[in-house]
Amino acid sequence: MPKLPLHNVAMTSAAVIALSAGAAAAQQACTNYTVQDGDTMATIAIAAYGTSNYQPIFNANRNSISNPNDLAPGLALVLPCEDGSLPNGQSAREIIAEQQERFASSTQTSSFKAPIKLVTGNGWAPFADETLDGGGFITRLGTTALQRAGNAHEYSISFVDDWNSHIETLLPLGAFDVSMAWNMPDCTNRSYEWSWETEIRCTQFHASAPVYDIVLGFYTLPQSDYASATSFEDLKGATVCRMEGWFIHDLEQEGLQPEKTIDLLQPVTARECLDAVLTGSADVATFEVQLFADAMAEMGLNENDLVENPYVTTLSALRFITHRSNPMGKQYLAMLNKGLNEMRESGEWYAIISDTLNEHNERLIASSG
């Protein structure tokens, strides 16, 4: 592929590291790009942005990418601009302002006696974090959906850091109506033995339509045999690190079952998982690609230290959930689904996500300076 000067974009602080190293780019942001033979999502992201975080590219091309590890040559991709907007289109903030003005005259009405009680976690930037505009993009998507598609319903929003308490006590006891947002397994798939976590999620909760699809990568030392694994079968026997409280049903579905085919290490933070791989106490770390890029930048690491396996990834959709005992739960989810559908059609869904990612990444760059 031709070598072009790197286009400086604020995607993550890893971009600052790449720029200081004089990285060259094969493609620029804010353009369309045709996939070449040998391209991967990570190499395209590095070329365009100086970071291996390809989640923003995946977000912008979700309708045409079903498997991030299987890009067909000739596939046309949209590479988002510096602020996350799409080439030759309105900026994210313009779209958001337009939609806000459109609904400014809508009055909040509710046929219910109390506002819909929403809860999410905190400190999970850019998804849910009180310090970000609107509380992060998952929070913004939920609250905005309740004001779109004719909903105009009142709501309250709370941040509770203990995620397990959401499904163990807060939703079952009715303290809150909707928790945002959860990775839900495919509850129609009984081809593997469900863990207690999968059992609870599939039998005790209702879930919305997918709100946001995340890509989860698998990260190893460059010289590790697992770096060249071409299937999940090749990862069997490995010590795999994913943080405490994170879902594991995607691993189970691929035959990577703790205590049976893999050893599972579960520290608290992503940095601890990466440290475990660096020190040899784990063979593979696996979590979402945005968090990997952030953690790598914060730790001052690059592709010479840790690499993403180019052949194996899993996808998981974040959803809003209600407990099955909540008599209004399905109706609340229907409202959210209706609002989200309208937001996707208007472009507001993507605009909110890209606007929050831009805010998050600007903070990372500022903190790295």
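Relevant structure appears above.
Residues numbered from 1 in each chain as written. Predicted model: local features only at pLDDT ≥ 70, side-chain atom pairs only at ≥ 80, totals over all residues. Heavy atoms only, no water.

K.L.:
Tell me about the overall build of the protein, and name the residues and values.
P.N.:
Along its length, the protein carries 12 helices and 14 strands. A separation threshold of at least 6 residues defines the contact pool for the protein, and within that pool the share at least 24 residues apart is 74%. For the protein, the accessible area works out to roughly 15900 Å², and carbon and sulfur atoms hold 48% of it. (Helix = DSSP H or I, 4+ residues; strand = E, 2+ residues; numbered from the N terminus. Contact = heavy atoms within 4.5 Å. Areas by Shrake-Rupley, 256 points an atom, 1.4 Å probe, with all protein chains shown as cover.)

K.L.:
Please give an account of the state of the cysteines that cites residues and values.
P.N.:
Note: disulfide means a covalent bond formed between the sulfur atoms of two cysteine side chains. Scanning the model with the defined rule gives three disulfides in all. One disulfide bridge connects Cys 30 with Cys 81, the sulfur atoms lying 2.1 Å from each other. Judged by the sign of its S-S torsion, about 65 degrees, the cystine formed by Cys 30 and Cys 81 is right-handed. One end of the pair, Cys 30, is in the loop between β2 (24-25) and β3 (31-34); the other, Cys 81, is in the loop between β4 (76-79) and α4 (92-102), and 51 residues separate them in sequence. A relative accessible area of 34% places Cys 30 in the partly exposed class. Across a sulfur-sulfur distance of 2.0 Å, Cys 187 and Cys 202 are joined as a disulfide pair. Handedness here is read from the sign of the S-S torsion; for Cys 187 and Cys 202, about -85 degrees, the answer is left-handed. Here Cys 202 lies in helix α7 (residues 196-204) and Cys 187 lies in the loop between β7 (178-183) and α7, a separation of 15 residues in the sequence. (Disulfide = S-S within 2.5 Å. Buried < 20%, exposed > 50% of the residue type's maximum accessible area, 1.4 Å probe, protein only.)

K.L.:
Can you tell me about the nonpolar core, naming the residues and giving the values?
P.N.:
Phe 137, Ile 138, Leu 141, Tyr 212, Leu 274, Phe 287 and Phe 320 are the most contacted members of the largest nonpolar core, which totals 69 residues. In contact with Leu 274, other than residues within four places in its own chain, are Ala 285, Phe 287, Phe 292, Ala 295, Met 296, Met 299 and Leu 306. Counting residues in hydrophobic clusters, the runner-up holds 13 residues, among them Phe 232, Leu 235, Ile 262 and Val 312. (Core = buried A, V, L, I, M, F, W, Y, C linked by side-chain atoms within 4.5 Å.)

K.L.:
Kindly report on the pairing of strand β12 (residues 284-288), identifying the contributing residues and their values.
P.N.:
Counting buried positions over the five residues of β12 gives five, a clear majority of the element. For strand β9 (residues 212-220) and β12, the ladder comprises four bridges, and the chain directions are antiparallel. Residue pairing in the sheet places Leu 216 in a bridge with Glu 288 of β12. Examined bridge by bridge, strand β10 (residues 239-241) and β12 share two bridges and lie parallel to one another. Bridge pairing in β12 links Cys 241 to Ala 285. (Pairing = 2+ DSSP bridges.)

K.L.:
Explain the environment of Leu 256 residue by residue, including any values.
P.N.:
Along the chain, Leu 256 turns up in the loop between α8 (249-253) and β11 (263-265). A C-alpha to C-alpha distance of 7.7 Å links Leu 256 and Leu 235, two positions 21 residues apart in sequence. Beyond its immediate chain neighbours, meaning those up to four positions away, Leu 256 contacts Phe 232, Leu 235, Lys 236, Leu 251, Thr 261 and Ile 262.

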